[in-house]
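Remarks on the overall topology
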Amino acid sequence: MSASISDVDDYVIRAIRADEWPAVKRLRLDALRDPVAHLAFLESYEEAAAKPDSFWQDRAGGAAEGALGVRQVIAEASDGDWAGTVTVLIEEAGTTDWAGLPVGRKQGHVVGVFVRPEHRGNGLIKALFDAGLEWAWGRGAERVRLLVHEDNGRAQAAYRKAGFVPSGVTVAFVHDAGQRELEFVLERA
Ligand SMILES: CC(C)(COP(=O)(O)OP(=O)(O)OC[C@H]1O[C@@H](n2cnc3c(N)ncnc32)[C@H](O)[C@@H]1OP(=O)(O)O)[C@@H](O)C(=O)NCCC(=O)NCCS
């Protein structure tokens, strides 16, 4: 493991392959042990760790190169380690989202955003977003959105740097209805 990698060009940014499900699982379980995981992710480490291999195989296969509705993008460091990831889901106009809100226009929804601590602060998250956004625009999305906990200041700052702005829409946090998640949106240019 490199102690610090400061140049974004040192990473390969790409879609996952279906056969890489063990690495998908490893990165997700590491993300779920992050100190802010309780704000950032809706499932716990214990819940994810208990899932069978078939779950990870299905998840990887459904989000791999060639899949139409979901794409998981990863950054591969020069030593082969996966340094970070974003996943983009396509939501079709006319459907209802998980919060019961209507989806007015075809859009991308970014989930599972994580950069390993030793790879943060170097622009990698922007490069991951750029790849995810390019895919979403190519799939016909008119906007891309994500939800971020009101107390996750670092993630909010990273999203603003990537061009996202708060839409004004908020939803109750799944684990505590007294807390809010904020919708951030990036409109297609
Ligand atoms: C969110 C995440 C992907 C962002 O990647 P990153 O490499 O850390 O982002 P960056 O360092 O480029 O940008 C974060 C900015 O927030 C700033 N920041 C750090 N802590 C902050 C805080 N508590 N409040 C506000 N801003 C903060 C940083 O200084 C930086 O700004 P700068 O570039 O002007 O210095 C990464 O931090 C991460 O994986 N976090 C844990 C998981 C997570 O929260 N995922 C998001 C779920 S919605």
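Residues numbered from 1 in each chain as written. Predicted model: local features only at pLDDT ≥ 70, side-chain atom pairs only at ≥ 80, totals over all residues.

Those places that UniProt annotates as "domain: N-acetyltransferase" (unreviewed entry) correspond, in this numbering, to residues 11-189. When the span residues 11-189 is considered, its composition is 30% helix and 32% strand, and the gap between its end C-alpha atoms is 26 Å. (UniProt positions renumbered as here; feature names shortened; annotations may be inferred. Helix = DSSP H or I, 4+ residues; strand = E, 2+ residues; numbered from the N terminus.)

Taking 1.5 Å of rise per residue, the 15 residues of helix 5 (residues 124-138) would be expected to cover 21 Å, and the 21 Å separating its terminal C-alpha atoms lies within 8% of that figure. Inspection of helix 5 places L124, I125, L128, F129, G132, L133 and A136 among the buried residues, and these make up the whole buried set. Angularly, the buried residues of helix 5 cover 165° about the axis, an arc narrow enough to put them on a single face. Of the residues trailing helix 5, G140 is marked for its positive phi of about 95°. (Expected span 1.5 Å × (residues − 1). Buried ≥ 20, exposed ≤ 12 C-beta atoms within 10 Å, placed from the backbone. Arc of directions from axis to C-beta.)

Turning our attention to the confidence of the model for the chain. Of all residues in the chain, 97% attain a pLDDT of 70 or more, and the chain-wide mean is 94. Scored below 50 in pLDDT, residues 1-5 shows ten contacts in the model against residues more than four places distant or in partner chains. (pLDDT = per-residue confidence, 0-100. Contact = placed C-beta atoms within 7 Å.)

A word on the site of the ligand. Close contacts around the ligand come from 17 residues, with A40, R120, G153, A157 and A158 the closest. Put simply, the parts of the chain that give the shell around the ligand at least two residues each are strand 4 (107-115) and helix 6 (153-161). A total of six residues in the shell around the ligand trace back to one element, the largest contributor, which is helix 6. Its residues assigned to classes, the shell around the ligand comprises ten nonpolar, three polar and four charged. (Near = placed C-beta within 6 Å. Nonpolar A, V, L, I, M, F, W, Y, C, P; charged D, E, K, R; others polar.)

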